[in-house]
Amino acid sequence: MQVQTTSSCVEAMSGWYPAGSADVSSSGAGTPRGHRTHPAVIPEPEDQIAMSRPAGHARAADWFDVRDLGGGQLIAEPGHVNSYLLTGRERALLIDSGMGIAPISEIVADLTTLPVLVVSTHAHADHRGGHADLARAHREGRLEVAGFAAHPSSQLVEVDAAFLARYARVMREVVAEHHTLREIDDQSFFALAGLPRMRDLPDLRRWQIPATPASVPLADRQRIDLGGRIVTILHTPGHAPDALSVWEEATGTLVTGDTVLSAAHWLHGSEADLTAFAASTARLAALGAQRALVAHNLRPEMPGTHVRNVAAAAEAVLDGVTRPVPGRDLLGGRAWRHEHDGVVILTDATSGGPR
Ligand SMILES: [Zn+2]
Ligand SMILES: [Zn+2]
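Overview of the structure. Fair warning: this is a prediction, and the values are worked out from it, not measured in the lab.

1. Things to note about the overall build of the chain
Helix and strand counts for the chain stand at eight helices and 17 strands. Considering the chain as a whole, with its 355 residues, one finds that 47% of them fall into the buried category. Considering only residue pairs separated by 6 or more positions, the chain has 69% of its internal contacts joining residues 24 or more positions apart.

As C-alpha cells, this is what we get:
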C-alpha cells in the first residue's frame, strides 16, 4: 500500500520506524529524549481546541480507571471505551484517546514523560474524543505528542452534536442499569468482581469532538520502534474500512480496537463489511496471540483463543449457518443478532438477515 506523507513529517518522526520497516519513514537517528516540540506533525485547529476545553466535564481522576496489565496500561472509561498506552524505553504509543469527556492528557502525562504517538484504531468518535485535549497539552508543554496516526483513509472530522447528545441520553440509562447490576452482583454472583465500574455521567451539554486531522499515515505491516520494543500495525477492515490493530509479536499481545471485542461486534451500518471482517479476523487468528486488548466492555483483556472464536463466528455468519434473531445495539439501533460459541455479531437489519 502506498502511503502519502510529507518530508517534514518523516523527518520529525525519524527513529520511530526500525530499519527495513515499510513505507512511511526513512531510517535515521532517534529523536533525542527531552526534545519538546514536533511542530511538523501536530495539527493546530486552534479555535476548535479552545472550544473543546473540558470545562464542565469530568475530572480525569473521577472518570478514568487506569490499570497496569503488564506490558501495557489500560486507560478505561468503564462501560464506554478502553484506550491503551504501550511504553518502550524511548517512546510510547497511545492507542485511541477515548471519549473526550475528561482530559486523558493528564493520565498519559502521569504515566510517561516519553514522546507519545497517538494511534487511532479507526475514526469512530468514541476512539478519538481525546485528540484535541492531547494536542492542547502538547502545545502547552505538558505532554510531548509526536503525532496523530491513523490509516490514510481515516477522516477525523467533527462529530455530529446530535449524535453525542443521543449517546449521552442513552448512556445515562445504561449507567443506571449498571449500578443495579453491580448491586445484585456484589451481593450474589461476583461475576464482575475486580472489573472497572461505570462512572456517573457528568454534564455533557457542552460536549464536542472537533476535527483533528491525522498527521501520520500508517500502512499495513508498518513497524514502530518504541525503544527495545517493536509493534506492527495491521490494517484490519470490516467493522470500519480504516480499522487498524496493533500487534506485538514478542509478547503475543494484540490490541484490536473494535475488530475483536468482548462485547457485541458491530457489523451493521453503512461502513461495515462482513466479508472484510471475516478476512481480517482470520488474519488476526493466525497470529497466535496470547491475549487481545479490546476497545469496549468492562473486560479489557481477552485470551488469544477469543480471537480465534471471533474469526470462527465471522465465518459462520458469512456462510449463513448462524440463526440470527432481531436485536438492538447498545444505542438502540436495530440489527440482526448472531451468536456463535459465545461471540455476538450484529449485522444490518435491512439486509443480511436470516437466509
Ligand atoms: Zn467503531
Ligand atoms: Zn468503538
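2. Considerations on the pairing of strand E15 (residues 325-328)
Every regular strand shows the same layout, with side chains that alternate between the two sheet faces. Bridging between E15 and strand E16 (residues 334-340) involves four bridges; their strand directions are antiparallel. Within E16, the residue paired with Gly327 across the bridge is Ala335.

3. Quick word on the sheet that holds E15
An order of E12-E17-E16-E15 is seen for the four strands of this open sheet, with the pairing classed as mixed. The open sheet is flanked by strand E12 (265-267) and E15, the only strands paired with a single partner. Within the sheet, the average angular offset between the axes of one strand and its neighbour, ignoring direction, is 40 degrees. Inspection of the sheet shows E12 paired to strand E17 (residues 343-348) by three bridges, in the parallel sense. Along E17, the bridge assignment pairs His265 with Ile345. The strands touched by helix H8 (residues 304-319) within the sheet are E12, E16 and E17, with E17 carrying the most contacts at an inclination of about 35 degrees.

4. Section: the sheet that holds strand E2 (residues 73-77)
Reading across from one edge, E1-E2-E3-E4-E5-E6-E7 is the order of the seven strands in this open sheet, with mixed pairing throughout. With partners counted over all chains shown, the strands left at the sheet margins are strand E1 (65-68) and strand E7 (216-217), one partner each. The sheet contact formed by E1 and E2 spans four bridges and is antiparallel. Looking across to E2, one finds that Asp65 is bridged to Ala76. Sitting on the sheet, helix H5 (residues 131-139) is in contact with strand E5 (116-119) and strand E6 (145-150), with an inclination near 155 degrees to E6.

5. Section: unusual backbone geometry
Backbone geometry at Asp96 places phi at a positive 75 degrees, although glycine is not the residue there. Inspection of the secondary structure puts Asp96 in the loop between strand E4 (92-95) and helix H4 (104-111). A count of 27 C-beta atoms within 10 Å places Asp96 in the buried class. Backbone geometry places Asn297, a non-glycine residue, at a positive phi of 75 degrees. With respect to the helices and strands, Asn297 occurs in the loop between strand E13 (291-294) and strand E14 (301-303).

6. Description of the packing of H4 against H5
Running from N to C, H4 and H5 point in directions that differ by 55 degrees, and their axes come no closer than 8 Å. As far as their axial angle goes, H5 and H4 are oblique. Facing H4, whose interface residues are Ile104, Ser105 and Ala109, H5 presents Asp133, Leu134 and Ala137. When the residues that make up the contact of H4 with H5 are grouped by side-chain class, the tally is four nonpolar, one polar and one charged.

7. Comments concerning the packing of helix H7 (residues 274-285) against H8
Contact geometry for H7 and H8: axes closest at 8 Å, N-to-C directions at 150 degrees. Classified by the angle their axes make, H7 and H8 are roughly antiparallel. Our pair here, H7 against H8, has a crossing hand that is left-handed. On H8, the residues that touch Leu274, Thr275, Phe277, Ala278, Thr281, Ala282, Leu284 and Ala285 of H7 are Val307, Arg308, Val310, Ala311, Ala314, Glu315, Val317 and Leu318. Taken together, the residues of the contact of H7 with H8 sort by class into twelve nonpolar, two polar and two charged.

8. Considerations on H8
The end-to-end C-alpha distance of H8, which contains 16 residues, comes to 23 Å, matching closely the 22 Å that a straight helix rising 1.5 Å per residue would cover. All of the buried residues along H8 are His306, Val307, Arg308, Val310, Ala311, Ala313, Ala314 and Val317. The positive-phi residue at the C-terminal boundary of H8 is Gly320, with phi of around 75 degrees.

9. A few points about the environment of Arg337
Mapped onto the elements, Arg337 comes out in strand E16. Given 19 C-beta atoms within 10 Å, Arg337 falls into the partly exposed group. When the C-alpha atoms of Arg337 and His268 are compared, they prove to be 9.9 Å apart, with 69 residues separating the residues in sequence. In contact with Arg337, not counting residues within four places along its chain, are Pro324, Val325, Gly327, Val344 and Leu346.

10. Let's talk about the nonpolar core
The biggest cluster of nonpolar side chains holds 87 residues, and the ones touching the most others in it are Leu93, Val116 and Val119. It is H8 that contributes the most residues to this core, six residues altogether. Setting aside anything within four residues of it in sequence, one finds Val116 in contact with Ala92, Leu94, Val108, Leu143, Glu144, Val145 and Ala146.

About the thresholds
Residues numbered from 1 in each chain as written. Chains lettered and ligands numbered in written order. Predicted model: local features only at pLDDT ≥ 70, side-chain atom pairs only at ≥ 80, totals over all residues. Helix = DSSP H or I, 4+ residues; strand = E, 2+ residues; numbered from the N terminus. Buried ≥ 20, exposed ≤ 12 C-beta atoms within 10 Å, placed from the backbone. Contact = placed C-beta atoms within 7 Å. Pairing = 2+ DSSP bridges. Axes fitted to C-alpha atoms, helices over the stretch in contact; angles between N-to-C directions. Parallel < 35°, antiparallel > 145°, perpendicular 65-115°, else oblique. Nonpolar A, V, L, I, M, F, W, Y, C, P; charged D, E, K, R; others polar. Left-handed = near helix turned anticlockwise from the far one by under 90°. Expected span 1.5 Å × (residues − 1). Core = buried A, V, L, I, M, F, W, Y, C linked by C-beta atoms within 7 Å.

Limitation: the analysis is restricted to geometry and does not speak to function.
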